[in-house]
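# Topology and contacts: notes
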Amino acid sequence: MADKWSDQIRACGLFFISIVVLMVIPLVYHCFVFLTAIPLWEVQPWSCVILLLSFHTLFFLLVASYWKVIFTDAGGVPYELDEAWISELNLANRFGLEAEVSEKVDRESSEASPLNVQSAERKLDGRQRYCRKCRKFKPDRAHHCKYCGRCVLKMDHHCPWVNNCIGFNNYKFFMLFCSYACMTCFYVAVTLFTGFVEIVVEKRPFQFGWIEFEYMVVFFLMSAVSIVLTGFTGFHYMLLLKNMSTIEHVEKRDPTKKDQVNPFDLGPGKNWEQVFGPNPWLWFIPVGTMSPGLDGVKWETSEHVQGAGGAGGA
């Protein structure tokens, strides 16, 4: 049943992408470029140039971000179960017990082994988080996606509109996609609205035909999408500045966890750089620019920051 549901969700994702690519984008492009901007060339050429340049800049960044968020892998757990854990797990399954790590196994494991990764998130009994479906360790902030059938690093959510998980590797592209979609929709809606105002103020004769119908459809569609996306994008920027994923935000609602401090919150500046990178010139361009040293497995925590600050002060 779960596999059938996952297949349905992924089919819906492909359907949503088809709607956006084959219907919404061509409709908006035709309405703005061919029905709004180009007809101004003979009357107001500079207005035509400004409208076309502004629109195509936003349009290119939007499409590029959409492409990247769709085809960039969100990030999977990079290591397989080591032999020690396989043995422990097989024994535990035979006797119906939880797998435990012996001191001998812990000592003999290499520093790169997940057994020795210092995690901020552990089970209630203090053990390392482990996914029985993937048969892999679950690093901090990793969660299993039932639609993709695997654990995803710093998983935020599974987005049907891009038919992909949003996680460690593509979260920047997701934020840029939402931002440019919001700005493009708002820009188109405002431009069309000013045209409606001019018709009313100048008392031009108005005949409702197919062109006017297309104007109305695009205007109301762009207005609705811009309103919805403004709140949605603002919510994600709030989470970004707190270094919190949507899953972590939902878990925070749990009465047993509401008083817990987010250990990954390093301050707005460092939180921003973890997603957009240290180079301001590349922040708003859909290219990979993560903060150096990040691999999605090991995460700096606020305790480390405080400790470094204390050491520096001493």
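Figured I'd write up the structure that's included with this text.

Here is what the cut-offs are and how they apply
Residues numbered from 1 in each chain as written. Predicted model: local features only at pLDDT ≥ 70, side-chain atom pairs only at ≥ 80, totals over all residues. Heavy atoms only, no water. Helix = DSSP H or I, 4+ residues; strand = E, 2+ residues; numbered from the N terminus. Buried < 20%, exposed > 50% of the residue type's maximum accessible area, 1.4 Å probe, protein only. 1 Å grid on protein atoms, 1.4 Å probe; cavity = no way out; pocket = protein on both sides within 12 Å on 5 of 7 lines; lining within 4 Å. Points joined across faces, edges and corners; volume = space filled by probe spheres on them. Nonpolar A, V, L, I, M, F, W, Y, C, P; charged D, E, K, R; others polar. Core = buried A, V, L, I, M, F, W, Y, C linked by side-chain atoms within 4.5 Å. Contact = heavy atoms within 4.5 Å. Salt bridge = Lys/Arg side-chain N within 4 Å of Asp/Glu carboxyl O. Disulfide = S-S within 2.5 Å.

Of note, Lys154 is a non-glycine position whose phi angle comes to about 45°, a positive value. Note that Lys154 resides in the loop between strand 4 (150-152) and strand 5 (157-159). Lys154 gets classed as buried once you look at its relative accessible area, which sits at 10%. Although it is not a glycine, Asn163 adopts a positive phi angle of roughly 55°.

This part takes up empty space enclosed by the protein. Tallied over the entire structure, the rule returns three cavities of 30 Å³ or more. Lining the largest cavity are Lys154, Gly167, Phe168, Tyr171, Gln274, Val275, Met290, Leu294 and Trp299. Of the residues contributing to the lining of the largest cavity, the split by class is six nonpolar, two polar and one charged. Along its surface, the second largest cavity is lined by Phe168, Asn169, Lys172, Phe173, Val275, Val287, Gly288, Thr289 and Met290.

A separate point is the nonpolar core. Among the nonpolar cores identified, the biggest contains 26 residues, and Tyr66, Val69 and Val162 are the most heavily contacted of them. Of all the secondary structure elements, the ones that give two or more residues to this core are helix 1 (2-37), helix 2 (45-71), helix 5 (171-201), helix 6 (210-241) and helix 8 (268-276). Tallying contributions element by element places helix 5 first for this core, with 10 residues. Among residues more than four places away in sequence, those in contact with Tyr66 are Ile17, Val20, Val21, Trp161, Val162 and Phe177. Within the second largest apolar cluster, 17 residues are counted, among which are Phe32, Val33, Leu35 and Ala37.

For the structure shown, the criterion picks out three salt bridges. Here Arg150 makes a salt bridge to Asp73, at a shortest N to O gap of 2.6 Å. On the criterion of sequence distance, the pair formed by Arg150 in strand 4 and Asp73 in the loop between helix 2 and helix 3 (83-95) is long-range, its members being 77 residues apart. Looking at Arg150, the relative accessible area reads 24%, which means it is partly exposed. Take Asp73: its relative accessible area is 41%, and that puts it in the partly exposed class.

Attention now goes to the state of the cysteines. Two cysteines, two sulfur atoms, one covalent bond between them: this is a disulfide. Considering all chains together, one arrives at zero disulfides under this definition. With no disulfide partner, Cys151 has as its closest neighbouring cysteine sulfur the one in Cys131, 3.5 Å distant. Counting only cysteine sulfurs, Cys185 is the nearest neighbor of Cys182, a cysteine outside any disulfide, at a range of 7.3 Å. On the accessibility criterion, Cys182 (14% relative accessible area) is buried.

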